[in-house]
Amino acid sequence: MGCRPSIGVLDILGTQLGYDNCFGSVVGQVKPGPMTFCKISTDDANGKIRAYVGEGEFSDIKVSTFGGPAVCKVPDLQKLMHKICEEGFEHHVAMVRGHVADIVEEALTKYLGWEVYRHR
């Protein structure tokens, strides 16, 4: 995180579900550095699992908001956004520190047989 994180509540969901039901989110600014993102989704109509994976950077841009914000830089983001929309992917992704997209792509395709779009 780049700081000592604290544990808080999911502020937006808390307004609807009650703050006592939304405890456990990490609060703190994510520090700059290399980043890999991945989205795994089910294609229920065709009975398959698919994903997209790529790399970018956590930037040093500070944001004044709740939760655990991270501003990310992704090369050729517009191309990725077109792919996400055209393929009907949901917008949330998992992110990890480091550039490991090649490893993730290999694991998902070679060992699990999933369809993967590799954003480069």
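Please read these numbers as outputs of a predicted model, since none were measured by experiment.

### Quick word on the environment of His119
Next, step 1: Along the polypeptide, His119 turns up in the segment after β7 (115-118).
Next, step 2: When the C-alpha atoms of His119 and Val93 are compared, they prove to be 13 Å apart, with 26 residues separating the residues in sequence.
Next, step 3: His119 has contacts with Phe37, Val53, Gly54, Val74, Pro75, Asp76, Lys79 and Leu80, leaving out every residue within four places of it along the chain.

### Re the packing of aromatic side chains
Aromatic rings in a pair are described by how distant their centres are and how their planes are angled relative to each other.
Next, step 1: Applying the stated criterion across every chain yields a total of two aromatic pairs.
Next, step 2: Seen from their ring centres, Phe37 and Tyr52 are 6.3 Å apart, and the 65 degrees between their planes marks the pair as edge-to-face. Of this pair, Phe37 sits in strand β3 (residues 33-43) while Tyr52 is found in strand β4 (residues 48-58), placing the two residues 15 residues apart along the sequence.
Next, step 3: Given a relative accessible area of 2%, Tyr52 falls into the buried group.
Next, step 4: Taken together, Phe37, Tyr52 and Phe89 form an aromatic cluster joined through their ring pairs.
Next, step 5: If you follow Arg50 out to its NZ or CZ, it ends over the ring of Phe89, 4.1 Å from the centre.

How each quantity is defined
Residues numbered from 1 in each chain as written. Predicted model: local features only at pLDDT ≥ 70, side-chain atom pairs only at ≥ 80, totals over all residues. Heavy atoms only, no water. Helix = DSSP H or I, 4+ residues; strand = E, 2+ residues; numbered from the N terminus. Contact = heavy atoms within 4.5 Å. Phe/Tyr/Trp six-rings, centres within 6.5 Å; stacked < 30°, edge-to-face > 60°. Buried < 20%, exposed > 50% of the residue type's maximum accessible area, 1.4 Å probe, protein only. Lys NZ or Arg CZ within 6 Å of the ring centre and 35° of its normal.

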